[in-house]
Amino acid sequence: MSERIIAQHLHARRRGAPTSTEPLPVSPSYLVPDQAAGDLCSLWSPPAPSTASRLPPARSRGISRAAIVDQTSHRVIVCESALELECAKILLTDPRVKHVQDQPPSVTYVRPDGTHHRHTFDFLATLTDGQRVAIAVKPAAKIESSGIQKTVALIEQQSKGALADRFIVRTEQHLTRDRAFNASWLLRARRSRNAADVHRMRHTVSGIRGSISMGDLVRFSGLGARGWDALVHLIDEGTVELVRLVRFSDTALVRHHPTKRIQEAANA
């Protein structure tokens, strides 16, 4: 039996809701993204290489190399850790962020002892209002030993306006697994967008009053498995929003919000 259906059944029982008696699907349901129509070979083109000022080593005991494609610029973004990858996903799905630069040019700063040092931030995010935010990503357990907060504070004092307007440090306390999970679904929904499915889900959502679970909304749409991506796309565009910023799931509550775009990325 499908693990998702089992989990859905157990969650429904836990909250006292009626459990579904829907039969398991007898055949698979495939996504039919608009952009995949026609000859795939003629539509696909390799992404542009990363514009990072430095690339992580191909092999290293202390570095986990990863990459993601920015769908807007069709460019590779490189990351040196799983936490950086989660940060990249969240930034790419934040409606306030216009452009994400991985590993921007390093900056020089002077420590209190008079020595000169250089530091490369993990990301430079340019916001829609033109503000530039330099982001250092570091596990919370390494904040103290790395001295990253002191380094960022010195750079902000000495180089504000040169590289960025603001300088921040982000840990897993900001880049939570739930936010990264949702960002992954938002990116997938963008790749697999089907205009007809989205239109049908938008019509279903327009009749909703109050809150409803994502699972129930997908079932009411009659789209089957494809309804999930259509619903996530509506969350991405702001037509639907989560009642609480939790992980996307069958039991997560959403509501119709045609005028407000949900912001799922790291808050300043």
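Notes on the structure follow.

## A few points about the overall build of the protein chain
Part 1 of the reasoning: A count of helices and strands for the protein chain gives nine helices and 11 strands.
Part 2 of the reasoning: A buried classification covers 39% of the 268 residues belonging to the protein chain.
Part 3 of the reasoning: Total accessible area computed for the protein chain in this model is approximately 15200 Å², and 53% of it derives from carbon and sulfur atoms.

## Observations concerning the packing of helix 3 (residues 82–92) against helix 6 (residues 177–191)
Part 1 of the reasoning: Look at helix 3 against helix 6: their axes get within 8 Å of each other, and the N-to-C directions meet at 55 degrees. On the basis of their axis angle, the class for helix 3 and helix 6 is oblique. Every pair of crossing elements has a handedness; the one defined by helix 3 and helix 6 is left-handed. For the pair helix 3 and helix 6, the contacting residues are E86, K89, I90 and L92 in the first and R179, A180, A183, S184, L187 and R190 in the second.
Part 2 of the reasoning: A class-by-class count of the residues in the contact of helix 3 with helix 6 yields five nonpolar, one polar and four charged.

## Focus on the environment of L245
Part 1 of the reasoning: Mapping L245 onto the fold places it in the loop between strand 10 (240–242) and strand 11 (253–256).
Part 2 of the reasoning: Note on L245: relative accessible area 55%, which makes it exposed.
Part 3 of the reasoning: Between the alpha carbons of L245 and N182 there is a distance of 9.6 Å; along the sequence they are 63 residues apart.

## A few points about the sheet that holds strand 10
Part 1 of the reasoning: Taken in spatial order, the three strands line up as 9-11-10 in an open sheet, and their pairing is antiparallel. Every other strand in the sheet has two partners, leaving strand 9 (211–213) and strand 10 as the edge strands with one partner each. Strand-to-strand, the axes of this sheet are offset by a mean angle of 40 degrees, without reference to chain direction.
Part 2 of the reasoning: Note: strand 9 against strand 11, three bridges, orientation antiparallel. Counterpart to S213 in the pairing with strand 11 is L253.

## A look at empty space enclosed by the protein
Part 1 of the reasoning: Considering all chains together, one arrives at two cavities of 30 Å³ or more under this definition.
Part 2 of the reasoning: In terms of lining residues, the largest cavity is bounded by L31, A189, S192, R193, N194, D197, V198, R226, D229 and A230.
Part 3 of the reasoning: Contributions of two or more residues to the lining of the largest cavity are made by helix 7 (195–206) and helix 9 (226–237).
Part 4 of the reasoning: In terms of residues, the lining of the largest cavity owes the most to one element, helix 9, which gives three residues.

Definitions and limits used
Each chain carries its own residue numbering, running from 1 in the direction its sequence is written. Under the rules for a predicted model, residues below a pLDDT of 70 receive no local features and side-chain atom pairs below 80 are neither given nor counted, while totals for whole chains, interfaces and linings still include all residues. No hydrogens and no water enter the side-chain calculation; it runs on all heavy atoms of the structure. The secondary structure listing takes helices from DSSP runs of H or I that are at least 4 residues long and strands from runs of E that are at least 2 residues long, numbered from the N terminus. Categorising residues by exposure relies on relative accessible area from a 1.4 Å probe, with only protein chains included: less than 20% of the type maximum marks a residue as buried, more than 50% marks it as exposed, and the intermediate range marks it as partly exposed. In short, Shrake-Rupley with a 1.4 Å probe defines the accessible areas, and a residue's cover is counted only from the protein chains shown. To get an axis, a line is fitted to the C-alpha atoms, and for a helix only the part in contact is used. The angle between two axes follows their N-to-C directions and goes from 0 to 180 degrees. Roughly parallel covers angles under 35 degrees, roughly antiparallel covers those over 145, roughly perpendicular covers 65 to 115, and oblique covers all other angles. By convention, the crossing between two helices is left-handed when the near helix turns anticlockwise from the far helix through less than a right angle, and right-handed when the turn is clockwise. Every residue pair with non-hydrogen atoms within 4.5 Å of one another is taken to be in contact. Charged means Asp, Glu, Lys or Arg here, nonpolar means Ala, Val, Leu, Ile, Met, Phe, Trp, Tyr, Cys or Pro, and polar covers whatever is left, Gly included. By definition, two strands form a pair when at least two bridges between them are found by DSSP. Each cavity reported here is a set of points on a 1 Å grid over the protein atoms alone in which a 1.4 Å probe fits but cannot get out, each pocket an open set with protein on both sides within 12 Å along at least five of seven lines, and each lining residue one with an atom within 4 Å of a point. Grid points are joined across faces, edges and corners, and a volume is the space filled by probe spheres set on the points.

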